[in-house]
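These are the residues of each chain, in order.
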Amino acid sequence: MSLPRLLRGLEDVPLDRDGHGRVHGELPADTDGRALVAELRRARLRGRGGGGFPLAIKLKAVRRGRRPAVLVVNGCEGEPLSIKDHLLLTRLPHLVIDGALALARAAGAADIRFALDEGDLVGDDMLNWALDARPELRGGRIAATVAAVPSGYVSGQETGLVRWHNEGVAAPTSVPPRVTERGIGRRPTLVSNVETVAHVALIARHGAEWFAQLGTAEEPGTALVTLAGAVARPGVYEIALGTRLGALLDTAGGAVQEIDAYLVGGYAGTWVPAPRAGALVLCEAGLRAVGARLGSGVILALPTSACPVAEMARVTRWLASESSGQCGPCVRGLGAIADAFESIAAGGARPSVLDDLTRWCRLSRGRGACAHPDGVAQLVTSALDLFSVDLLDHARHGPCDACERPPQLTVPAFALRG
Amino acid sequence: MRIAVDPIACDAHGLCAELLPEVIVLDEWGYPVIADAKLPARLEGLARRAVSACPTLALRLKADTPAVNGSRRRTGR
Ligand SMILES: Cc1cc2nc3c(=O)[nH]c(=O)nc-3n(C[C@H](O)[C@H](O)[C@H](O)COP(=O)(O)O)c2cc1C
Ligand code: SF4
Ligand code: SF4
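What counts, and where the lines are drawn
- Residues numbered from 1 in each chain as written.
- Chains lettered and ligands numbered in written order.
- Predicted model: local features only at pLDDT ≥ 70, side-chain atom pairs only at ≥ 80, totals over all residues.
- Heavy atoms only, no water.
- Core = buried A, V, L, I, M, F, W, Y, C linked by side-chain atoms within 4.5 Å.
- Buried < 20%, exposed > 50% of the residue type's maximum accessible area, 1.4 Å probe, protein only.
- Helix = DSSP H or I, 4+ residues; strand = E, 2+ residues; numbered from the N terminus.
- Contact = heavy atoms within 4.5 Å.
- Arc of directions from axis to C-beta.
- Pairing = 2+ DSSP bridges.
- Axes fitted to C-alpha atoms, helices over the stretch in contact; angles between N-to-C directions.

A. Structural view of the nonpolar core. All names here are of chain A. Y267, W271, I344, L357 and V380 are the most contacted members of the largest nonpolar core, which has 70 residues in total. Of the residues forming this core, the biggest block, 9 residues, is contributed by helix α13 (residues 328-346). The contacts of I344, once residues within four sequence positions are left out, are V309, A349, V353, L354, L357, L391, H394 and A395. In this structure, V62, L71, V73 and L202 belong to the second largest nonpolar core, which totals 53 residues.

What follows is the structure, given as structure tokens:
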């Protein structure tokens, strides 16, 4: 089957139970999930929620546990520009449900929790609509429920999801213990992203060899990318891993303005200068070569008409405000970074502020309970590389004409209060 | 053996850096930065003292080979 895979049937939306069956066929009955465990190991599917961790390794860990596992399907999609999980949940919910069912069997889980952002009312509606067509999941051997998780950038972090279920607090916890050992109700817990789970639905049907017919030898399969910014047709695209960004941009109708840089990997991502972007190979190995990661799959084309300094000032302030406030280095480091960008954008900052930023990035990496500060450090470090002239220009001469233009790196408005 | 800090529990008391300055320095806000290196055997005793001296029980010793079954991410989301 060529592209699209996950996004097949998108034209008859939303796909009901019968339509879904017509497009994909039925899920094979593999009640103890053993065949699927082997198939997932061979498929080498990596998580699509941003971490890129191999699913088979987490699966093995939860299967080792003595108590039955819990499966959390992570649909929080806290990344502001990402809409791929929402697309799957609202338009192809049966694919997600099939994948969850198959993965629950493989994990030995009787309990599936779909975790959605509390603001995603349409996602919640559509998922419940689809679950109503699956009476076997409403209190059968495997039961599925939908949980509304408080909105926020870090709410979808996996220890935070577990804590939300256990204590009603949506903030990360320290590791150890890993959630695969002790998670919801102290049971082994597998947290998997909505897209990851959708891939499982297809691997369960067609197998690992089929999965590897697209993608690279090292990184088989396809991935969903949310393309944003100054392109003709922004939106969600399914690509074979290893596709060049230039080819994806052509599919999307190309840039509609002159592009300064591409942000690859969302707000925990990496800035890549426009002249190098077309040749970027979209997979972990290809992006590693330029110090980037695909992360949650967001790629934004920043036009030269935007001010990168104003954009970075806005987004770092928002990211700092999204810290759960529990770890000193995250609170202080991200706060200092946001203050520095604001002082640069306003003008009158000392040139040494760039050295301060470099140091705070180094001091932020690996020093929080979760990887939120690491993501900010990644974003800021690459911005310092790419935008140093703009930054020094603003530091010395103050705001430019483009500073007041509408944001490209949008953030949820409620967080900008105060 | 390595020493690790739980950043949620740590309250920046700074005692650890006094007891084990070879391995722990404080950042500009008073939070410990721990050298990413194996503890020399002869520092293990001091490391244990630092662990038990931490007022918030934020420090622990851990084996040198990190477990592989987790899902901690390298950077970002
Ligand atoms: C700050 C932060 C925010 C995250 N937000 C999400 C999210 O919204 N959705 C998601 O699937 N994973 C998110 N993650 C990743 C999860 O912790 C976890 O790795 C992922 O859900 C596992 O699924 P996967 O292996 O299928 O990618 C976030 C991680 C961090 C550090
Ligand atoms: S690193 Fe930041 S966001 Fe993550 S748990 Fe600590 S304070 Fe919260
Ligand atoms: S002694 Fe404990 S609380 Fe104080 S800085 Fe060290 S780890 Fe943090």
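So much for the structure itself; the text now carries on.
B. Spatial organisation of helix α3 (residues 55-64) of chain A. Residue and element names in this part refer to chain A. Taken residue by residue, α3 has L55, K58, L59, A61 and V62 as its buried positions. The buried residues of α3 occupy an angular sector of 160° when projected down its axis, which confines them to one face. Facing away from the buried side of α3 by over 90 degrees, the exposed positions are K60 and R64. For α3, the secondary structure elements touched by its buried residues are α2 (34-43), β1 (69-75), α5 (93-107), α7 (158-167), β4 (189-193) and α8 (194-211).

C. Spatial organisation of the sheet that holds β1(A). Residue and element names in this part refer to chain A. An order of β3-β2-β1-β4 is seen for the 4 strands of this open sheet, with the pairing classed as parallel. Sheet topology places β3 (143-149) and β4 at the edges, where each strand pairs with a single neighbour. Strand-to-strand, the axes of this sheet are offset by a mean angle of 25°, without reference to chain direction. Note: strand β2 (residues 109-117) against β3, 7 bridges, orientation parallel. Within the sheet, the bridge partner assigned to L116 lies in β3 and is A148. Along the sheet, α5 contacts β1, β2 and β4; its crossing angle with β2, the most-contacted strand, is approximately 140°.

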